[in-house]
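# Topology and contacts: notes
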Amino acid sequence: MDQPHAVLVASPGLGHLIPILELGNRLSSVLNVQVTILAVTSGSSSSTETEAIRAAAARTACQITELPSMDIDNLVEPDATVFTKIMVKVRAMKSSVRDAVESMKPKPTVMIVDFLGTGLMSVADDLGLTAKYVYVPSHAWFLAMMVYLPVWDTTVEGEYVEIKEPLKIPGCKPMGRKELVETMLYRSDQQYKECVRAGLEVPMSDGVLVNTWEELQGNTLAALKEDEELSRVMKVPVYPIGPIVRSKEHVEKPNTIFEWLDKQRERSVVYVCLGSGGTLSLEQTIELAWGLELSGQRFLWILRRPASYLGSSSIDDDQVIASLPEGFLDRTCGVGLVVTQWAPQVEILSHRSIGGFLSHCGWSSVLESLTNGVPIMAWPLYAEQWMNATLLTEEIGVAVRTSELPSERVIGREEVAFLVRKIVAEEDEEGQRIRAKAEEVRVSSERAWTKGGSSHSSLFEWAKGCRLVS
Ligand code: UDP
């Protein structure tokens with residue numbers, strides 16, 4: 001008998017390909033199924049994207065097929081956001097995806113799309129596949145918000161950006177202005193309409209796989225399943241199968257970062273990195289530098305060019321470094337390390353000397369931190385990171401956050417220093433509580449994926465349900 005075959009479709013952009021790839025790796029290694037990943041490329045002929053896909057293909061047991069995306073300029077407004085363009089692009093690819101899936105041997109029986117690819121699910125029906133699923137590489141509260149948005153769409157009056165009272169999701173934490181997802185702030189924007197559409201399409205699948213685990217978000221997962229109103233909207237089963245995180249990358253040694261980290265005390269260093277694309281204003285970069293210095297704590301800072309330099313190809317790394325306060329590097333020499341290249345983040349977060357993570361709270365970064373027991377200083381910038389920051393500070397208790405959204409106000413040096421000390425300085429009581437909780441979460445994340453653990457069992461329940469395993 002042929003090995004069962006699942007096809008996974010990744011929306012354009014590395015940020016979407018990586019989670020699908022990690023899911024594919026998990027399915028192939030744990031369930032021993034054949035996995036083909038259809039990677040819809042962004043069409044920007046980006047060499048980084050192509051190289052990353054090739055590199056990923058060399059390291060995975062999954063088959064990766066690139067699908068060059070179509071030109072959609074005539075389908076979107078010239079000022080459409082990246083989110084809108086992705087949703088429209090993915091829908092426009094339906095017949096190419098259909099042709100690609102139809103030509104696969106053996107024929108896949110299960111199709112998984114990511115949450116931006118819900119417009120492709122009808123391909124599974126057209127080709128008579130056994131089942132179709134959505135993978136949400138984010139958390140359960142985000143999923144609840146996603147499927148409940150169509151209800152708000154008909155009940156909430158005015159613009160979300162102006163709400164005075166937090167919006168309610170049955171059985172879940174309400175969402176105030178500080179939690180709302182960037183893409184839903186303005187109703188007239190097409191990206192809002194795309195969010196509502198995705199919220200309506202997710203429940204048309206046969207189920208949702210979500211990158212969280214029972215012990216981390218038990219209440220929200222229970223609400224999705226059992227709350228009368230929310231479960232009526234959710235309609236289909238939800239399978240928490242997280243944490244699914246990138247495995248450690250191979251790092252060539254000697255390496256400056258690890259030589260430096262090796263010399264530091266256990267859990268003493270704050271790692272500062274704002275994701276794959278997060279940038280700060282020049283003013284904020286300077287305040288952050290002063291704050292790190294003022295904190296007196298050790299730091300490893302993955303410095304990106306300030307936003308005002310973006311698009312200027314003449315700016316090199318030396319000039320990015322030169323944007324730091326005068327004398328900063330000399331004064332912090334030995335205490336801090338500033339790096340401008342792409343960082344091996346998974347490897348860094350698992351180093352024994354890392355004690356805290358100043359993070360933009362992208363969910364992958366969050367999981368990479370929590371699976372290593374590293375507490376977070378939340379610095380949310382865009383997308384659903386605002387709600388992630390609230391989840392981490394107010395519900396899970398593994399983070400501290402800035403008093404206001406860093407995307408809306410420059411966070412001053414004193415506040416930076418105060419928060420940095422809180423997560424890594426040993427004498428602070430609240431910090432101790434947060435660090436203890438982060439360790440507890442690390443243990444539960446490991447347990448979830450041991451044999452018989454909650455996520456392991458959930459994955460097998462799902463796989464049996466769609467007959468990928470017997
Ligand atoms: N990342 C990395 N090195 C860097 C910056 C980012 O390895 O210098 C990785 C990080 O480990 C994570 C991903 O890029 O896996 C970022 O994903 P996340 O969801 O945290 O945020 P996004 O960049 O998508 O906003």
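Residues numbered from 1 in each chain as written. Predicted model: local features only at pLDDT ≥ 70, side-chain atom pairs only at ≥ 80, totals over all residues.

Per an unreviewed UniProt entry, the protein is named Glycosyltransferase, and its organism is Camelina sativa.

The next point concerns the site of the ligand. Around the ligand, the structure places 16 residues, and the nearest of them are Gly275, Ser276, Gln345, Gly362 and Ser365. Those elements giving two or more residues to the shell around the ligand turn out to be helix H14 (345–349) and helix H15 (363–370). Sort the elements by how many residues they give to the shell around the ligand and H15 lands first, with 4 residues. Tallied by class, the residues present in the shell around the ligand amount to 6 nonpolar, 8 polar and 2 charged. (Near = placed C-beta within 6 Å. Helix = DSSP H or I, 4+ residues; strand = E, 2+ residues; numbered from the N terminus. Nonpolar A, V, L, I, M, F, W, Y, C, P; charged D, E, K, R; others polar.)

Each strand in a sheet pairs with its neighbour through backbone hydrogen bonds, running either in the same direction (parallel) or in the opposite one (antiparallel). With respect to topology, 6 strands assemble into an open sheet ordered S10-S9-S8-S11-S12-S13, the strand pairing being parallel. Both edges of this open sheet fall to strand S10 (336–339) and strand S13 (399–401), since each of them pairs with a single strand only. Taken over all neighbouring pairs, the strand axes of this sheet differ in orientation by 15° on average, direction set aside. Looking at chain direction, strand S12 (residues 376–378) and S13 are connected through 3 bridges and run parallel. Paired with Ile376 across the bridge in S13 is Ala399. Along the sheet, helix H17 (residues 413–424) makes contact with strand S8 (269–273), strand S11 (354–359), S12 and S13, crossing S11 at roughly 140°. (Pairing = 2+ DSSP bridges. Axes fitted to C-alpha atoms, helices over the stretch in contact; angles between N-to-C directions. Contact = placed C-beta atoms within 7 Å.)

Turning to helix H16 (residues 385–396), a few remarks are in order. A large share of H16 lies buried, amounting to 9 of its 12 residues. Every buried residue of H16 is accounted for by Gln385, Trp386, Met387, Asn388, Ala389, Thr390, Leu391, Leu392 and Ile396. Contact partners of the buried residues in H16: helix H6 (140–155), helix H8 (214–226), H15, S12, S13 and helix H18 (429–448). After H16 finishes, the residue Gly397 shows a positive phi value of roughly 80°. (Buried ≥ 20, exposed ≤ 12 C-beta atoms within 10 Å, placed from the backbone.)

What follows covers the packing of helix H3 (residues 82–92) against helix H7 (residues 190–201). Direction vectors running N to C along H3 and H7 enclose 50°, while the axes themselves pass 8 Å from each other. Classified by the interaxial angle, the pair formed by H3 and H7 is oblique. Between H3 and H7 lies a crossing whose hand is left-handed. Contacts between H3 and H7 involve Phe83, Thr84 and Met87 on the former and, on the latter, Gln190, Gln191 and Glu194. Of the residues assigned to the contact of H3 with H7, the class counts are 2 nonpolar, 3 polar and 1 charged. (Parallel < 35°, antiparallel > 145°, perpendicular 65-115°, else oblique. Left-handed = near helix turned anticlockwise from the far one by under 90°.)

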